[in-house]
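Remarks on the overall topology
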Amino acid sequence: MSEVKKPVLEVKHLGITFGGLKAVDDFCLEIGESELVGLIGPNGAGKTTVFNLLTGVYQPTEGTYYLNGLKMNGKRTHQVVRSGIARTFQNIRLFKKMTVLENVIVAMNMHMSYSLFASVFRSKKFWREEAEIEKRARELLEIVHLEDKADYIAENLPYGQQRRLEIARALATGMKLLLLDEPAAGMNPTETAELLDIIHVIRKKFQISVLLIEHDMSLVMKVCERIQVIDYGITIAHGTAEEIANHPEVIRAYLGKEESEDLYADN
Amino acid sequence: MNPLNIKMPKEKKVSYVINIFGVLAIFLLLVLVFESNFLGGRTTYIKGICTTACYTIIMVASLNLLTGFMGEFSLGHAGFMSVGAYSSAIVTNALIGSGIPNFFLFLIALIIGGFAAALTGIAVGIPALRLRGDYLAIVTVAFAEIIRVAFCNFEVTGNGKTMSGIARLSNFYWVFWVMVVCVTIMYMFVRSRFGRTVKAIREDYIAAAASGINVTFYKVLTFTISAFFAGVGGAIYAHYMTAMIPTNFNFMYSAEFLTQVIIGGSGSLTGSIIGATFLSALPEAMRQFSQYRMLAYSIVLVLVMIFRPGGIFGTYEFSLTRILKKLLAKIKQHKSDDKEKHS
Amino acid sequence: MSLLIQSVVNGLNQGAIYALIALGYTMVYGIIRMINFAHGDFIMVGSYTLFYTIPLMIHAGMPPWLSLFVAISVCVFVGVAVEMIAYKPVRKAGSMSALITALAMSLFLQNLAMVLFGANPKSIPAIFTLPVLEFFGVKIQSKYLLTMSIGIVIMLALSIFVKSTRIGKAMRAVPQDKQASTLVGISVNRIITTTFALGSGLAAVAALMYCSTYPRATIDMGSMMGLKAFVAAVLGGIGSIPGAMIGGILVGIIEIFVKVYIAPGWYEAITYGILIIVLLVKPTGIMGKNIGVKV
């Protein structure tokens, strides 16, 4: 997969400082169309901070980033999502007391246009849009194999299914770039395999690019075309799985020197 | 999968018709009770209680939009009510001699009250809704107190004294239908993409933003709608009481509404209706115990919080359609049982 | 000039009262993250206790201020009872339930007082009979100076208590990390109860100060004063003890000055305006620390 594609995401020297501490520094990344890139690094390396920067949760103190050539700096989270970047969360954030179907439909709100008056008077447009959206939401649930759980309350789903529901919800925004924050965390091998299948299917079906944070090195090595490694907020390596696996810096960061054990302590 | 139905689904249509008939039945029953002079000399008094119940329902249901569906507290609902009450009273005082029929004057009062309160709601909501939880609750108290102090200082609102001589335009039959319309609109709002979005924000505002929802917009929108109906409630109040003083709309009155929302069940509009009806009618019916009313409220509230934190109805919505369906099913069951017996 | 000095003294007196009440809010909020709406009503409880016990004291030939100790006992009892009966069961149910329960307790205390004592205000007999001092033509009530000093002494004592005693240290540890506190052998429940006892005791002192300035007890005196004291606590930075003192004094002085010099009818609006501005601009107040949300 070495052919050059037009980048969907272009990140240039992104950085953020929290009270004098550089959480992410000089972060550069390019993701091409329907490419799957992995972002790895030890605990506390700044991976989730990168996601928070890319989704407008934090505003970068340095650098810029572009989605399909459009500058994203200064946009608030919902605006970023509308432009086409959606994400999942490391510590699952579903709308717990709502049904599985509703969880997906909420993310489609921006594709609905009926007005307040239409909802009060229950106009034709209201019923048409509601029916269309429900149909599409059910299709998305099918992709993540949750079609028969549509009427369950989200918090009652098992852990692995909650993670898949988060993916369906992200898909519902109709994004071009999907950020997955440790989607396989806490999953057993069967569930992980199913997840990989789903990722494969959605990439093919929707032509989207994926940036994946993952702790499980073997998983990243298996699925990602390119991998970027960060530690202490600084990119220490990037390249193909093979290159990364043999990179001395990466080995040092992951296996650790004697004195860097505290790296694993903070999260 | 269902085929794409462009029109209203049939079962919805049936349920709307059933509900319309239900409301009509209640209305006709009340008309019958009042017009047949069945209550004798107490008719006017009972009518008054029913009017009170109606505007209380509007107040409680609109507060429930915030508390139950958006998951945020407002302890300043009486403040918005007072904005509606005073603004509508000022306008009707100016229009009263102009020959506009009472019914239209009352409508104008409601609309003015609602919009004045809604505008205040926007002005309060935009800054205040940056806060959440108890800080938001306390800021709504602060805004309501500022509104109260303002009305105490304005010439037109009586300079802190009673503003009296407001035209008595509220009439139970009109107020009943105003209440029905208001609650219906709120219900439609909750059961739409707007209500769904607001509930999502309640569940997790970070995830809601990450789903492309403009959290601030929907919060301010809901806050404004809630304030609008509080203003409508206030307009009814003003034109029913015909005299008022800013201290009527104090912190205690706001707290009373919140109490009724919580006891009725935050997140259930029918809970609000039932809660508001009982809690405003019962103490009136037992006048001699009226001083114990708030005492009883507070005890019930603490007990509800300890034993049933979701309120008595929780998020359960009372549905006429569901009951009718169950009844029909039972009748069918009965018939088939009979048939089996015969055969 | 004389008006200015008098206003400063009045402001400080008022501020000392707010500060004492604000301490109660801030300590409870610091430890269980709950706005104890009923705290203001503890002052009402204290004031009614004073109303009923001062005549007894005078009758028994004792100085009226001894009633303070009765008021403190009653307030501590009420405060601890409220915490044990109503707040403890809902502590784990989330901040919304806690807030409603606190509101319910406030309503309960006020309406219980209404049933027990009636709606009419009660005028409280003079607690101190002290002369009016005159410096260069400025008249100053010496009882103000006395109540102010009581306030200052109590605040200093509280600061020392929280800084250097075992219980005080535990009171500072619990808000930082409840689980860790349990691990090092602190009984969190006991500390919370102690905090309520302390806070309500302070409310009784505030009641004495208030009643010596405005000798009237009403059913709703606590809720409005409580709200303003809460403003003071927020202004100073909620959870911070020195913050509550600074905030209280500031609110007191601002209120008196607006009342005297700017717009007598609007002084309450100004107080609430301060609250709104502080919460919107710097919700952590003057002395507070930042708490962010982790995504």
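Overview of the structure.

So, how was this worked out
- For every chain, the first residue of the written sequence is number 1, and numbering continues from 1 onward in sequence order.
- Chain A is the first chain written and ligand 1 is the first ligand written, with later ones labelled in order.
- Restriction of local features to residues with pLDDT of at least 70 applies here, the model being predicted, together with a cutoff of 80 or more for giving and counting side-chain atom pairs; totals for whole chains, interfaces and linings are based on all residues.
- A set of buried Ala, Val, Leu, Ile, Met, Phe, Trp, Tyr and Cys residues, joined to one another through C-beta atoms within 7 Å, is what we call a nonpolar core.
- Neighbour counting defines burial: a residue surrounded by 20 or more other C-beta atoms within 10 Å of its own C-beta is buried, one with 12 or fewer is exposed, and intermediate counts give partly exposed, using backbone-placed C-beta atoms.
- With C-beta atoms placed from the backbone, a contact is any residue pair whose C-beta atoms sit within 7 Å.
- Numbering of helices and strands starts at the N terminus; helices are DSSP runs of H or I of at least 4 residues and strands are runs of E of at least 2.
- Here the nonpolar group is Ala, Val, Leu, Ile, Met, Phe, Trp, Tyr, Cys and Pro; Asp, Glu, Lys and Arg are the charged ones; every other residue, Gly included, is treated as polar.
- Note on pairing: two strands pair once DSSP finds at least 2 bridges between them.
- Angles here are taken between N-to-C directions and fall from 0 to 180 degrees, while the axes themselves are lines fitted to C-alpha atoms, restricted in helices to the stretch in contact.

This paragraph deals with the nonpolar core. Counting residues in hydrophobic clusters, the biggest one holds 274 residues, and the most contacted among them are L177 of chain A together with A19, I21 and A206 of chain C. Once residues within four sequence positions are removed from consideration, I21 of chain C is found in contact with H39, G40, I43, A203, A206, M225, G226 and A229 of chain C.

In this section: the environment of G288 of chain C. Topologically, G288 of chain C is positioned in the segment after α11 (267-281). Apart from residues lying up to four places away in sequence, G288 of chain C is in contact with G237, I238, G239, S240 and G243 of chain C.

This paragraph deals with unusual backbone geometry. Within the chain, T242 of chain B stands out as a residue other than glycine whose phi angle is a positive 65°. Checked against the element boundaries, T242 of chain B lands in the loop between α9 (215-241) and α10 (251-264). The exposure class of T242 of chain B is partly exposed, given the 16 C-beta atoms found within 10 Å. Not every positive phi belongs to a glycine, and R33 of chain C is a case in point at roughly 50°. With respect to the secondary-structure elements, R33 of chain C resides in the loop between α1 (2-32) and α2 (39-59).

What follows covers the interface of chain B and chain C. Each partner contributes residues to the interface: chain B has 36 residues there, and chain C has 34 residues. Residue assignment for the side of chain B that touches chain C shows that the elements contributing at least two residues are α5 (133-153), α10 and α12 (293-307) of chain B. Broken down by element, the side of chain B that touches chain C gets its largest block of residues, 15 residues, from α5 of chain B. Of the residues contributing to the side of chain B that touches chain C, the split by class is 29 nonpolar, 4 polar and 3 charged.

Position of P42 of chain A among the secondary structure elements: in the loop between β3 (36-40) and α1 (47-54). Exposure remark for P42 of chain A: the 21 C-beta atoms within 10 Å place this residue in the buried category.

This part takes up the sheet that holds strand β5 (residues 70-71) of chain A. Residues and elements named next belong to chain A. Read from one edge of the open sheet, 4 strands run β2-β1-β4-β5, paired in antiparallel fashion. Pairing within the sheet leaves two strands with one partner each, and these edge strands are β2 (21-32) and β5. Pairing of strand β4 (residues 62-67) with β5 involves 2 bridges; the strand directions are antiparallel. Within β5, the position partnered with L67 by the bridge is L70. Against the sheet, α1 engages β1 (7-18), β2 and β4, with an angle of about 70° to β2.

Honestly, that's just the spatial picture; any functional story needs more than this.
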